[in-house]
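Below, each chain spelled out in residue letters.
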Number of protein chains: 2
Amino acid sequence: MTREELARYFFNPQGIAVIGASSDPTKLSYGVVHNLITHGYRGPIYPINPKGGEIQGLKAYPSILDVPDPLELAVIMIRAEAVPEALTACGERGLKAVIVITGGFRETGAEGAALEASLKDIAVRYGIRLIGPNCVGVMDAHLPLDTTFITMMPEPGHIAFVSHSGAICGGSIDWARSVGVGYSRIASLGNQLDVDIADGIEMMKDDPNTRVISVYAEGLPDGRRFVEAAASIYRSKPIVMLKAGLTTAGVQAVASHTGALAGNNDAYVAACHRAGVVMVHSLQEQNDVAMALATQPLPRGNRVALLTNAGGPAALAADALDRQGLVMATISAATQERLKAVTPPGTQLGNPIDMLGGPRPEMYSAAGKILLEDPDVDMLMTIFVPQAITPVNEVVQEMVKTGLGAAKPVVACLVGGESLTEAIYTLNRSGVPYYRDPNRAGRALGGLWEYRQLRERPDLTPTPVTDVDRESTQALLDAAWTRHGAGAARGACFLDAESAAQVAAAYGITIPFSGLADSVDEAVALAEKAGYPVVLKRIAADVVHKADVGGLALDLRDAEAVRVAFNHVTEGGRTRAMVQRMIPKGQEVILGAKRDAQFGPQLMFGMGGLYVEILRDVAFRLAPISAEDARGMIAETAAGRIMQGVRGEPPGDIAAVVETLRRVGQLVTDFPNIAEMDINPLIVGPAGSGAWAVDVRIRIEV
Amino acid sequence: MTREELARYFFNPQGIAVIGASSDPTKLSYGVVHNLITHGYRGPIYPINPKGGEIQGLKAYPSILDVPDPLELAVIMIRAEAVPEALTACGERGLKAVIVITGGFRETGAEGAALEASLKDIAVRYGIRLIGPNCVGVMDAHLPLDTTFITMMPEPGHIAFVSHSGAICGGSIDWARSVGVGYSRIASLGNQLDVDIADGIEMMKDDPNTRVISVYAEGLPDGRRFVEAAASIYRSKPIVMLKAGLTTAGVQAVASHTGALAGNNDAYVAACHRAGVVMVHSLQEQNDVAMALATQPLPRGNRVALLTNAGGPAALAADALDRQGLVMATISAATQERLKAVTPPGTQLGNPIDMLGGPRPEMYSAAGKILLEDPDVDMLMTIFVPQAITPVNEVVQEMVKTGLGAAKPVVACLVGGESLTEAIYTLNRSGVPYYRDPNRAGRALGGLWEYRQLRERPDLTPTPVTDVDRESTQALLDAAWTRHGAGAARGACFLDAESAAQVAAAYGITIPFSGLADSVDEAVALAEKAGYPVVLKRIAADVVHKADVGGLALDLRDAEAVRVAFNHVTEGGRTRAMVQRMIPKGQEVILGAKRDAQFGPQLMFGMGGLYVEILRDVAFRLAPISAEDARGMIAETAAGRIMQGVRGEPPGDIAAVVETLRRVGQLVTDFPNIAEMDINPLIVGPAGSGAWAVDVRIRIEV
């Protein structure tokens, strides 16, 4: 089913059957039919109830098989055990879209999960796309359409909301109505058995009423698909993403809620980066940012003017701007001159423009207009604290006049409560988003600027790395598994250092010359071939952190040194040793890959050396990776900033690190069995000289 | 005037005169008399107006000199130019407390600043304590007393608010009334000409109605006095501090607002640490935290139970707890068994305790009571999303029942809007703080735990370091200044490396053996005395970062090496050289001190080496410092964690670093002329072996 069809079946269906419709107003299933009728759905509504008769004034059908055309959507709300049969009937009736509101499936344990699996089978058999189970359904505030039992309908607006949780939909609608914020569409997806968050955002893509897509997710059943869907949408519509289960406590809470796997925070951040979404961390922040994106033009730059009647909130706003990467606009002398003519005597004409205690309401629009005309101002925050002598609702009208049709973002911050109820509603309904706290208004402007930058960033799609030797790699991995597994069906093992280095080499990663020695003489011969100084490493399958167990000797400058070290490293010849050319001094970084249960292979880059765990100077990205993205990843870390050259040290070979990241990314993408891979250290020489993977560790899982 | 007197004169005066009282309701000065009367002040009110007669039903006096006893407070609200004369009259009348509401002083520029200075002179002459100018005055919601022109009075409650900004007082009252939050006292301090934030918090200390002190500050005229005042109060009453002007943009905004010096963020954080205040970064966060501190008992631990009717908000709450350093309580099998009996079938009995769609209201109190009785639960967050079938106001009554009189903190999070207006008011008025967003509820609980830990932390008062040689130090500083200044009245200079090292040595800081050489032969002689290997450094007054300019030679192992290096380092004998014993390998850290305009001398500690600017691994504290505090400071940094020993490396001599911090702290406290001091690197040997100040840099300002 195409994205367009999916959106049409669920948000603009011709004919809706409600399986489990009731005449009893105390039942939730009463509410669904009631909402379809009273919230204005214009197509035919077919209550399904074995008793037939009439329900809420509509003819009821004993079975969905009896329902005439047009019929494109069924809403199921009966006890869980009966859902499979009802879904089968929908399939027989030829339906392609079904919403299962009923709960009591995966979220209740193993039995429920089995019941849910049977729904999946039925849906696949009949080609049904299914929302739910354990959800509240969908709404389109413009059409209008409401398949939920939530008592209220949002006002029409431009925020689409895709939510794992139905309760959060209900709470959001309640909140939005009280402050004059509108929604375009709402989709509550529940257990995401079939239609998932990725489908959810795709259903919003072509909706002309949707200007921003807010997402509340707990787990993402197919993380990669979500990333691809979002990446294909974010340049046309912003996606503001809130995810629960990013911390240990949150993961536990999510698991007990919908049985979803919440995944790892680093991987989530990497996924959001690739997906192009604006990340938020609370419902409030999500609403604050979405309100601005739904109503305001995008800023051309990050310079903000503050127009206020009180210095305190403006000072707090200024701090908030700074935290958001925004700056205070410099108000030119010419603009200050113009402002002087329309503001009270004594007004501070620099930024913040502080009209002190008593501006007349119209001064807000007069000064606001002048500020918006200044080419050095990209955004305007208007601030007002209600005072005895200035009527708040008149001020608000002037703020609306300023914002309406402006080519630059305008937001309003009014500090207060009781006296603002009407003002808040007016501002939001008129398209000038209202914020109670300067900090929140700052975040909203920051969200606009963040999205503007996301939208204009270069394409991050990776180009495949093709000059690699897949066959040798496959053979090396197979051999390692054979040595380890000896026929085991599943398991995990580390490659020995030599094989790991060979795998890296097969993917074009630069490794120092090395060879395996079984004896002292072989070791010396290899050392002569490599050229001094050399390094010796113990080779034993169970030794992972070599430096910890003494199986390592550095800076061996002649044959005699190699002889002494071989004996020590191999514990008197009890193991083999790897002889390796010692790499000249350079910056030590760590570069790795691991596989996230939700988002697949991840790349990691950061400061190397002994203190990697303590400094935690690391960046993460999805693998594979483009050169552009790899450069950004490196630049995010202190290791990367050092690599640019500090205090007169020459810059390091960043290009070589970028290339290594691309090749590791390709390797772990090509071989899903590679569960983990570390290059620690990667020694980075001066620009142009290269980077060497001195120690490669690879773990495979079968 | 004692703290007690100050509080009594301003918050419980016997008789108040209003200078500039008016009968014209469009004037703000009308409002002051009006509020005194209608908001319930019970003492005599004396309007002062040259015309005499009657104002708002009260006898008006032409001059304050005519006013009979009792009279303890005057409120001045006339044009700025006339304020000095009025203040003088107050002095003549024998008043000891005056509030100047009038603006138009320092905040308007140089002329206003001069006028303000004249007020200071008058106040000092007559021993008057003065609040303002440019403020809105004070309120006591319990007495009651209202000297402001703000139209509304807060409901009586337990939050005291001390605010630089009057507008923020007005906005806060407006907000508080709409959500059922009460205040005990409010003081708007304006320009803080005399009574400042420190006095403000002291005035709240003994108020029996105040349980928490919220502070909004822009600048702190005497930062050290604030720290001392707060430090003497925070163990009896929590202080929740919001400060504007912590970023570059904020500093600019604050300066243009009240002409206050906002100061440096690191110094502010260090000051808050010593002061024992709970730091917040927005008005909303301040209110959220203060509401919990004003109403809830302190938690014994950090384990939180979440009781909810919806999984989504609980998952978000769990994430919020984690970010606050709180943990999800483990619900014992016994407690789960008890919960099972009082919750709907299907309830998730682990934490979160999710009662799914339809709990009856009384289940909130039944389950809440059981959770509070569990010894493994320290705090309870009750979460509710309004749903069609559960009446919200009944749920709220049950939440109140749970929280009322409980020995553990209980907060409420209801996600919604329109339907919650009454619920929010009821919860807050009943002492169960309400939060719209799970993240905010999490922060509130985090604030309780943060304060609990602050209150029980060890005493941070430093013990003076006395085994120091102040005379030699004074002589070295004087000599450096004489060499540099040659009679200049003001200026700044660096000490040469040798003098700086001697100053450090005089304060008991361990420095490697060193001496100054004017010639190659002297250099070799010193090297022989120090013992090889040695280091040579160029000594020239203008060379600060030696490593940048080649004036440094390391690891010189014999006389010949010293000879070669001397020639190089001194550019062929054009400067002198310092010969120093080279210190064995150890961890390189940086340790420094600088002077903040607002908070005085600061100590800095962090990771040393070339990358200090890039890693920014530093902690700050006020100087002088206790050993306890120094240990905490070290532990905050990655450098400190490395010093504890990682990956089998031996731990470093933390005690020696603590001692060095104490001695540097004493030095910069004893000699205010030391504007800046760096030890970079301080080489820290293994535990017990010591730490060496290899390079000491001292800048003095006269």
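Scoring rules and cut-offs
- Residues numbered from 1 in each chain as written.
- Chains lettered and ligands numbered in written order.
- Predicted model: local features only at pLDDT ≥ 70, side-chain atom pairs only at ≥ 80, totals over all residues.
- Helix = DSSP H or I, 4+ residues; strand = E, 2+ residues; numbered from the N terminus.
- Expected span 1.5 Å × (residues − 1).
- Buried ≥ 20, exposed ≤ 12 C-beta atoms within 10 Å, placed from the backbone.
- Arc of directions from axis to C-beta.
- Contact = placed C-beta atoms within 7 Å.
- Pairing = 2+ DSSP bridges.
- Least-squares fit on C-alpha atoms with pLDDT ≥ 70 in both.
- Axes fitted to C-alpha atoms, helices over the stretch in contact; angles between N-to-C directions.
- Parallel < 35°, antiparallel > 145°, perpendicular 65-115°, else oblique.
- Left-handed = near helix turned anticlockwise from the far one by under 90°.
- Nonpolar A, V, L, I, M, F, W, Y, C, P; charged D, E, K, R; others polar.
- Domains from an automatic or database assignment.
- Core = buried A, V, L, I, M, F, W, Y, C linked by C-beta atoms within 7 Å.

A. Examining helix H14 (residues 392-403) of chain B more closely. All names here are of chain B. In a regular helix each residue adds 1.5 Å, so twelve residues correspond to 16 Å; H14 covers 17 Å between its end C-alpha atoms and thus fits that length. Of the positions making up H14, those classed as buried are Val392, Val395, Val396, Glu398, Met399, Thr402 and Gly403. All buried residues of H14 project into a common sector of 160° when viewed along the axis, lining one side. Next to the buried residues of H14 lie helix H13 (361-373), strand S18 (379-384), strand S19 (410-414) and helix H15 (421-429). Gly405 sits one or two positions beyond H14 and adopts a positive phi of about 75°.

B. Representation of the sheet that holds strand S12 (residues 212-217) of chain B within the structure. All names here are of chain B. The sheet built from seven strands is open, its strands ordered S9-S8-S11-S10-S12-S13-S14 with mixed pairing. In this open sheet, the two strands that pair with only one neighbour each are strand S9 (145-146) and strand S14 (278-280). Pairing analysis gives two bridges linking strand S8 (residues 137-140) to S9, with the strands arranged antiparallel. Paired with Asp140 across the strands is Leu145, a residue of S9.

C. Here's a closer look at unusual backbone geometry. Residues and elements named next belong to chain A. Omega for the peptide link from Gly132 to Pro133 comes to -5°, which places this bond in the cis form. For Pro133, the position within the fold is in the loop between strand S7 (129-131) and strand S8 (137-140). Although it is not a glycine, Glu571 adopts a positive phi angle of roughly 55°. By the element assignment, Glu571 lies in the loop between helix H21 (559-569) and strand S25 (576-581). Looking at Glu571, the number of C-beta atoms within 10 Å reads 12, which means it is exposed.

D. Expanded view of the relation of the copies chain A and chain B. Superposing chain A onto chain B takes a rotation of 180° plus a shift of 0.1 Å along the axis, which leaves an RMSD of 0.1 Å. The operation mapping one copy onto its partner corresponds to a two-fold rotation axis. In terms of C-alpha distance to the rotation axis, chain A has A:Leu615 as its closest residue, with the C-alpha 4.4 Å off the axis. Here 100% of the interface residues in chain A have copies in chain B that are interface residues too; the copies meet face to matching face.

E. Representation of the packing of helix H17 (residues 470-485) of chain B against helix H18 (residues 497-506) of chain B. Residues and elements named next belong to chain B. Remark: H17 packs on H18, axes separated minimally by 9 Å, with the N-to-C direction vectors making an angle of 160°. In terms of their interaxial angle, H17 and H18 are classed as roughly antiparallel. Crossing hand, H17 versus H18: left-handed. Of the residues in H18, those in contact with Ser472, Thr473, Leu476 and Ala480 of H17 are Ser499, Gln502, Val503 and Ala506. Its residues assigned to classes, the contact of H17 with H18 shows four nonpolar, four polar and no charged.

F. Up close: the interface of chain A and chain B. Listed by partner, the interface residues are 77 residues for chain A and 78 residues for chain B. Contributions of two or more residues to the side of chain A that touches chain B are made by helix H2 (28-38), helix H5 (166-179), helix H8 (248-258), helix H10 (283-295), helix H11 (311-323), strand S16 (327-328), helix H22 (612-615) and helix H24 (638-643) of chain A. Top contributing element to the side of chain A that touches chain B by residue count: H11(A), with eleven residues.

G. Structural view of the domain arrangement of chain A. Segmenting chain A into domains produces domain 1 (3-292), domain 2 (296-456), domain 3 (461-511 + 585-702) and domain 4 (513-582). Between the C-alpha centres of domain 2 of chain A and domain 3 of chain A the distance comes to 48 Å.

H. The nonpolar core, seen in detail. In terms of nonpolar packing, the biggest core is built from 490 residues, with A:Ile76 and B:Ile76 touching the most fellow members. When neighbours within four sequence positions are excluded, A:Ile76 is seen to be in contact with A:Ile19, A:Gly20, A:Val83, A:Ala86, A:Leu87, A:Val98, A:Ile99, A:Val100, A:Ile101 and A:Thr102.

I. Expanded view of the pairing of strand S28 (residues 618-622) of chain A. All names here are of chain A. S28 sits mainly inside the fold: five of its five residues count as buried. Neither face of S28 is exposed, since Val618, Phe620 and Leu622 on one face and Ala619 and Arg621 on the opposite face are all buried. Of the pairings in the sheet, the one linking strand S27 (residues 600-607) to S28 comprises five bridges and is antiparallel in character. What sits directly across from Gly606, in S28, is Val618.

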